[in-house]
Amino acid sequence: MTVIVEPTGIAPGDVAAVARADARVAISDAAIAAMQASRAIVDDIERDGRPVYGVSTGFGALANTFIAPERRAELQHALIRSHASGIGAPMPREVVRAMMLLRVRSLALGHSGVRPLIAQALVDLLNHDITPWVPEHGSLGASGDLAPLAHCALVLMGEGWVLGKDGARVAAEDALHAAGLAPIALSSKEGLALINGTDGMLAMLLLACDDFGHLCTMADVTASLSIEAMLGTDRPFHPSIHEIRPHPGQGASAANMYRLLQNSSIMDSHRDDMAHAVQDAYSMRCAPQVAGAARDTLEFARTVAARELVSLADNPVVLPDGRVESTGNFHGAPLGFAADFLAIAAAEIGSISERRVDRLLDVCRSRDLPPFLSPDAGVNSGLMIAQYTAAGIVAENRRLASPASVDSIPTSGMQEDHVSMGWAAAKKLRTVLDNLTSLLAVELLAAVRGLQLRAPLTPSPAGQAAVAMLTPIAGEPGPDVFLAPVLEQVRAVISGPDLRTTIESQTGPLA
């Protein structure tokens, strides 16, 4: 697959294809023409000697400092070196690849005043699998993601580090030489255009939206299996119930759960039993309301990301009429808010999931399942400590759900006196989603164990698929086993496509 970067932007799927599936990248002729036109305007400014921010002046609090023509290339190189000041562990390869593609997209819109060779140099890094070493700390989401993008730009100059295949640092100069690539020299405006924008935040938000969409569906699956194992009722999930409160996400989750719970002899065994079929606990009955609200939050975040994909967040911008204007479009507030909202939503899905696990393990509330889902409780502890693990993760997600985007810190001599913290919001969102994967894995294991213990009653087709997939991993109910490797493998089931694909072959597509 090759992703073609046009002057009209790219699609969300393009970002995932390049970041995660190593799709190649090419720049269209139209994008090259757009960049050439905006560069011509910058060249005219250079000839006229006009004072323009970032072209003939310094940056940030030094915006009123005039730079002599003969030092403007030096200015751009110095900018990259000084701004590549991050610290900490390297960002994951997929984030850096997504960030570089998004910077190519931004330059290709034709309002940044760079030569096409600058965008092509980033494309060459992507196509030669050269990933800059981008430290995790450095961005405030103020003038976008200055430090992370500077670490990418530094590699174009043959300086800095790249991420080796073994995770070690490799000198950029050596990596370029090995790939047959040469360092580039920056001209006026080009250093600033390489680093001023929201590409890091947007990269993480887009990848998070992709992950969260899958996890929302898996949360409906695990909730349904838990409800089935606890002899719950499917009546609260009937479409008629959700037509009278028409939140789209709620309706989608309820439809999933209702479909997943059909054709189950476990469910049929108690449909007319008043003790089981009247009202379930909130963690069971209200699952679509919580997961649905999260789905609607996800749609908001996707809308924000889609707008950003066709937006120019550079500063200054080169307009077709020849003006070069300073903007505030680099401010990451829209992305920071979206990431924080998603973190809250994901934390709540994990929280309600853990409550169902606790019910499955509690002999007083699990409707005749053995304590901690162990057929020989006492000598064996079953899944007791797996629930401890889940409870600890829920507590961490609650801390991470505290919004980063309200925590502005002024910088640059009070020139940048309100920052978005969007990078931090997006980075912690990735942690929340990783934690959510673990929480759903614990629930899936507990729900499957509960379904196994309901034998000889047979579960729904979804339940049968889950039992068939997890039995080779976790075995049948019996003596305790070393649980950590089991949970790792169940995590892979949650994050992967196979369980959903198998279930959908029986139930039809899930939302």
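The present account deals with the structure reproduced in this document. (Residues numbered from 1 in each chain as written. Predicted model: local features only at pLDDT ≥ 70, side-chain atom pairs only at ≥ 80, totals over all residues. Heavy atoms only, no water.)

1. Section: the overall build of the chain
Helices and strands together make up the secondary structure of the chain, namely 21 helices and eight strands. The C-alpha extent of the chain, read off along each of the three principal axes, is 85 × 50 × 40 Å. Looking at the chain residue by residue over its 511 residues, the buried ones come to 56%. Taking as baseline every contact in the chain between residues at least 6 positions apart, the subset at least 24 positions apart corresponds to 79%. If you average the places of the 39 positive and of the 55 negative side-chain charges in the chain, the two averages end up 2 Å apart. (Helix = DSSP H or I, 4+ residues; strand = E, 2+ residues; numbered from the N terminus. Buried < 20%, exposed > 50% of the residue type's maximum accessible area, 1.4 Å probe, protein only. Contact = heavy atoms within 4.5 Å. Lys, Arg positive; Asp, Glu negative; His and termini not counted. Charge placed at Lys NZ, Arg CZ, Asp CG, Glu CD.)

2. Describing the nonpolar core
Counting 151 residues, the largest nonpolar core has Leu107, Leu194, Ile195, Leu205, Phe212 and Leu444 as the members making the most contacts within it. With 19 residues, the top contributor of residues to this core is helix 9 (residues 199–229). Beyond its immediate sequence surroundings of up to four residues, Leu444 is in contact with Thr222, Leu225, Ala466, Leu470, Val490, Val493, Ile494 and Leu499. Listed in part, the seven residues of the second largest apolar core include Ile41, Val42, Ile45 and Val318. (Core = buried A, V, L, I, M, F, W, Y, C linked by side-chain atoms within 4.5 Å.)

3. Focus on the packing of aromatic side chains
Counted according to the given criterion, the structure contains three aromatic pairs. Ring centres of Phe300 and Phe341 lie 5.8 Å apart, and the angle between their planes is 40 degrees; on these two criteria the pair is classed as tilted. In this pair, Phe300 sits in helix 15 (residues 287–309) while Phe341 sits in helix 16 (residues 333–361), placing the two residues 41 residues apart along the sequence. The exposure class of Phe341 is partly exposed, given its relative accessible area of 38%. Joined through ring pairs, the aromatic side chains of Phe300, Phe337 and Phe341 make up one cluster. (Phe/Tyr/Trp six-rings, centres within 6.5 Å; stacked < 30°, edge-to-face > 60°.)

4. So, the pattern of salt bridges
Per the stated rule, a full pass over the model turns up 34 salt bridges. In this structure, Arg97 and Asp129 form a salt bridge, with 3.9 Å as the shortest nitrogen-oxygen distance. One end of the pair, Arg97, is in helix 4 (residues 93–108); the other, Asp129, is in the loop between helix 5 (116–127) and strand 4 (135–137), and 32 residues separate them in sequence. For Arg97, a relative accessible area of 1% gives the class buried. Given a relative accessible area of 26%, Asp129 falls into the partly exposed group. Linking Asp340 and Lys428 is a salt bridge whose minimum nitrogen-to-oxygen distance equals 3.2 Å. Here Asp340, found in helix 16, pairs with Lys428, found in helix 18 (residues 422–453); they are 88 residues apart in sequence, far enough to count as distant. The residues Asp340 and Lys428 share a single accessibility class, namely buried. Salt bridges sharing common partners tie together Arg20, Glu94, Asp210, Asp211 and Arg430. (Salt bridge = Lys/Arg side-chain N within 4 Å of Asp/Glu carboxyl O.)

5. As for a nonpolar patch on the surface
On the surface, Phe300, Phe337, Phe341 and Ile344 cluster together to form a nonpolar patch covering roughly 350 Å² of accessible area. No other element matches helix 16, which puts three residues into the nonpolar patch. (Patch = residues over 30% accessible without salt bridge, like charges linked within 9 Å, V, L, I, M, F, W, Y side chains within 5 Å. Areas by Shrake-Rupley, 256 points an atom, 1.4 Å probe, with all protein chains shown as cover.)

6. Examining the environment of Val155
Along the chain, the position of Val155 falls in helix 6 (residues 146–156). The class of Val155 is buried, set by a relative accessible area of 0%. Separated by 105 residues in sequence, Val155 and Leu260 have C-alpha atoms that sit 50 Å apart. Setting aside residues up to four positions removed in sequence, Val155 forms contacts with Leu125, Ile130, Pro132, Trp161, Val162, Ala172 and Leu176.

7. Comments concerning helix 6
Counting buried residues along helix 6, eleven of its eleven residues qualify, which places the element largely inside the surrounding structure. Among the residues making up helix 6, those that are buried are Leu146, Ala147, Pro148, Leu149, Ala150, His151, Cys152, Ala153, Leu154, Val155 and Leu156. Gly158 sits one or two positions beyond helix 6 and adopts a positive phi of about 80 degrees.

8. Quick word on the state of the cysteines
A full pass over the atoms with the stated rule returns zero disulfides. With no disulfide partner, Cys216 has as its closest neighbouring cysteine sulfur the one in Cys209, 10 Å distant. Taking the relative accessible area as the measure of exposure, Cys216 reaches 1% and is therefore buried. (Disulfide = S-S within 2.5 Å.)

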